[in-house]
Amino acid sequence: MSVAARSVDAVRGVAPGLLLCATIAAAAGFLSEHYGGPPMLFAVLLGLALNFLREAPRLDAGIEFVSRTVLRLGVALLGLRITFTDIHALGLVPLVLVACGVAGTIVMGVLFARLAGQSREFGLLTGGAVAICGVSAALAINAVLPNHERTERDVSFAVIGVTVLSTCAMIFYPMLVGLLQFDDRQAGTFIGATIHDVAQVVAAGYSISAPAGDAATFTKLMRVAFLLPVVLVLTLLLRSRGAQRDATSTSRPALLPWFLVVFAGLIVLNSVVALPAAPRSALLQLAQFCLITAVAAIGIRTSLKDMASLGPRAVWLLVGETLFLAALSIGLLLLV
């Protein structure tokens, strides 16, 4: 069989599942636009409702393709959101605050996971999602963690959990900074350093004031920038321990996953070249759609029964990580 024929067969194999996930993503976008709410939350909920389709042979290859390759493409394109200028503009205080928050929350996530009877990988997944940038971080970290039979369940739990907690933080954190009598810079830095998802950071920050919103956005961009070193460190640690992405694989993970290389390359490109606004915006929209589509695929592959098996300890784990990050950020801001 020729290369062209094999390529056609491969496309035919993934097309049904890919179209299903893309349709769910489009529906999630429609619901978000017309009724409010995060599109990724709608995507995972719609995917969970269609869990029975995961057993369909015609759809399996496409759903697998979306949950892995399309996911990595979406993460890679997120590099276009960050420039060196953004990072430099933040100054030293947000840098120290974010670095301590990211490292401390991930470490505490692993410790809390052990106390809650969960695996180290579950702690890394939830801790990274809380510490860095919510759903995007959960998906990126999942892309380099060892695969196991509960992978989709864990990711779906993280997606739903951080989305709900981020929405709650968007409502309550502006009131909290008022009680603490933070100025606009402190309030914005706290908002950007603690709320999980970018959209909620922007909404909460600018609900306080324009300067607070600017500080919140810049601080959040710093957290997003930490996605690259965190995923790289996890990749190196897993590789050094001979971790396997698949149970049947005998090879170690790649030293630098291709999506991480593209992510870093796009940060550099976005920093040194004035990219045209229209193509950059289109690629960022493509990144968002890829991530929503991947979340839909993960939802389809997740059983609600498996989700329930995590129990209340997993919920308290995620809440504990969120409260730890908030408390650490408040303490550091009061010291500087």
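The structure displayed is predicted, hence computed values, not measured ones. Residue numbering note: each chain is counted from 1, following its sequence as written. Two thresholds apply to this predicted model, a pLDDT of at least 70 for residue-level local features and 80 or more for giving and counting side-chain atom pairs, whereas whole-chain, interface and lining totals are computed over all residues. Note: side-chain values were computed over all heavy atoms of the structure, leaving out hydrogens and water.

**A look at helix H3 (residues 57–77)**
Helix and strand assignments follow DSSP, with helices taken as H or I runs no shorter than four residues and strands as E runs no shorter than two, numbered in order from the N terminus. Between the first and last residue of a helix there are one fewer steps than residues, each counted as 1.5 Å, and that sum is the expected span. If you check H3, its first and last C-alpha atoms are 30 Å apart, about what 21 residues at 1.5 Å a residue would give, namely 30 Å. The axis of H3 is deflected most strongly, by about 35°, at Val66. The angle between axes fitted to the seven residues ending at a residue and the seven residues starting there is what we call the bend at that residue.

**Side note on the packing of helix H9 (residues 184–194) against helix H16 (residues 311–335)**
To define axes, lines are fitted to C-alpha atoms, for helices over the stretch in contact only, and angles between the resulting N-to-C directions are given on a 0 to 180 degree scale. Axis separation between H9 and H16 bottoms out at 10 Å; the angle between their running directions is 150°. In terms of axis orientation, H9 runs roughly antiparallel to H16. Helix-helix and strand crossings are classified by hand; for H9 and H16 the assignment is right-handed. On the side of H9, the interface is formed by Gln186, Thr189, Phe190, Ala193 and Thr194, while H16 contributes Leu325, Ala326, Ser329, Ile330 and Leu333. Only Asp, Glu, Lys and Arg are considered charged in this grouping, and only Ala, Val, Leu, Ile, Met, Phe, Trp, Tyr, Cys and Pro are considered nonpolar; every other residue, Gly among them, is considered polar. Of the residues that constitute the contact of H9 with H16, the class distribution is six nonpolar, four polar and no charged. Note on terminology: angles under 35 degrees are roughly parallel, angles over 145 are roughly antiparallel, angles of 65 to 115 are roughly perpendicular, and the others are oblique. For any pair of crossing helices, the crossing counts as left-handed if the nearer helix is rotated counterclockwise from the farther one by less than a right angle, and right-handed if it is rotated clockwise. Here, residues are in contact when the closest pair of their heavy atoms is within 4.5 Å.

**Section: the confidence of the model for the protein chain**
The predictor attaches a confidence to each residue, called pLDDT, with possible values from 0 through 100. The pLDDT averaged across the protein chain works out to 82; a share of 88% of its residues lies at or above 70. Taken element by element, the predicted model of the protein chain shows its lowest mean pLDDT in helix H15 (residues 304–308) (68) and its highest in H9 (90). Predicted confidence for residues 243–253 stays below pLDDT 50, and this span has 25 contacts to residues more than four positions away or in other chains.

**Quick look at the packing of helix H8 (residues 151–179) against H16**
Between H8 and H16, the shortest axis-to-axis distance is 11 Å and the interhelical angle comes to 40°. Our pair here, H8 against H16, has a crossing hand that is right-handed. Facing H8, whose interface residues are Phe157, Gly161, Val162, Leu165, Tyr173 and Leu176, H16 presents Ala314, Val315, Leu318, Val319, Thr322, Ala326 and Ile330. Each residue belonging to the contact of H8 with H16 can be placed in one class, and the counts come to eleven nonpolar, two polar and no charged.

**Some remarks on the pattern of salt bridges**
One speaks of a salt bridge when a side-chain nitrogen belonging to Lys or Arg is within 4 Å of a carboxyl oxygen belonging to Asp or Glu. For the structure shown, the criterion picks out two salt bridges. Among the salt bridges present, the one from Arg120 reaches Glu121, with a minimum N-O distance of 3.0 Å. A relative accessible area of 19% places Glu121 in the buried class. The closest approach of N and O atoms between Asp154 and Arg153, which form a salt bridge, is 2.8 Å. Between buried and exposed lies partly exposed: a residue is buried under 20% and exposed over 50% of the maximum accessible area for its type, with that area taken using a 1.4 Å probe on protein chains only.

**With respect to the nonpolar core**
Only buried residues count toward a nonpolar core, which is a set of Ala, Val, Leu, Ile, Met, Phe, Trp, Tyr and Cys residues joined through side-chain atoms within 4.5 Å. One finds Val102, Ile132, Leu139, Leu227, Val231 and Val295 to be the most contacted residues of the largest nonpolar core, which totals 77 residues. A per-element tally of this core places helix H14 (residues 277–300) first, with eleven residues. Residues contacting Val231, with those up to four places away along its chain left out, are Ala140, Ile141, Val144, Phe259 and Leu260. Judged by nonpolar contacts, the second largest core, of 16 residues, contains Leu97, Phe182, Ala204 and Ala326.

**Brief notes about H8**
Under the 1.5 Å per step criterion, the end-to-end length of H8 is 40 Å for 29 residues, consistent within 8% with the ideal 42 Å. The largest bend along H8 measures about 35° and falls at Phe172, with the proline Pro174 one to four residues further on. A positive phi of about 60° marks Gln181, the residue just after H8.

**Re unusual backbone geometry**
With a phi close to 60°, Gln181 is a non-glycine residue in the positive phi region. For Gln181, the location among the structural elements is in the loop between H8 and H9. Looking at Gln181, the relative accessible area reads 70%, which means it is exposed.

**Some points on the side chain of Thr235**
As for its placement among the helices and strands, Thr235 is situated in helix H12 (residues 227–240). Polar contacts, as counted here, are pairs of nitrogen or oxygen atoms within 3.5 Å of one another; within protein the pair requires one atom able to donate a hydrogen and one able to accept it, and residues that are adjacent in sequence qualify only if both atoms are side-chain atoms. Polar contacts involving the side chain of Thr235 include one to the main-chain carbonyl oxygen of Val231, which spans 2.7 Å.

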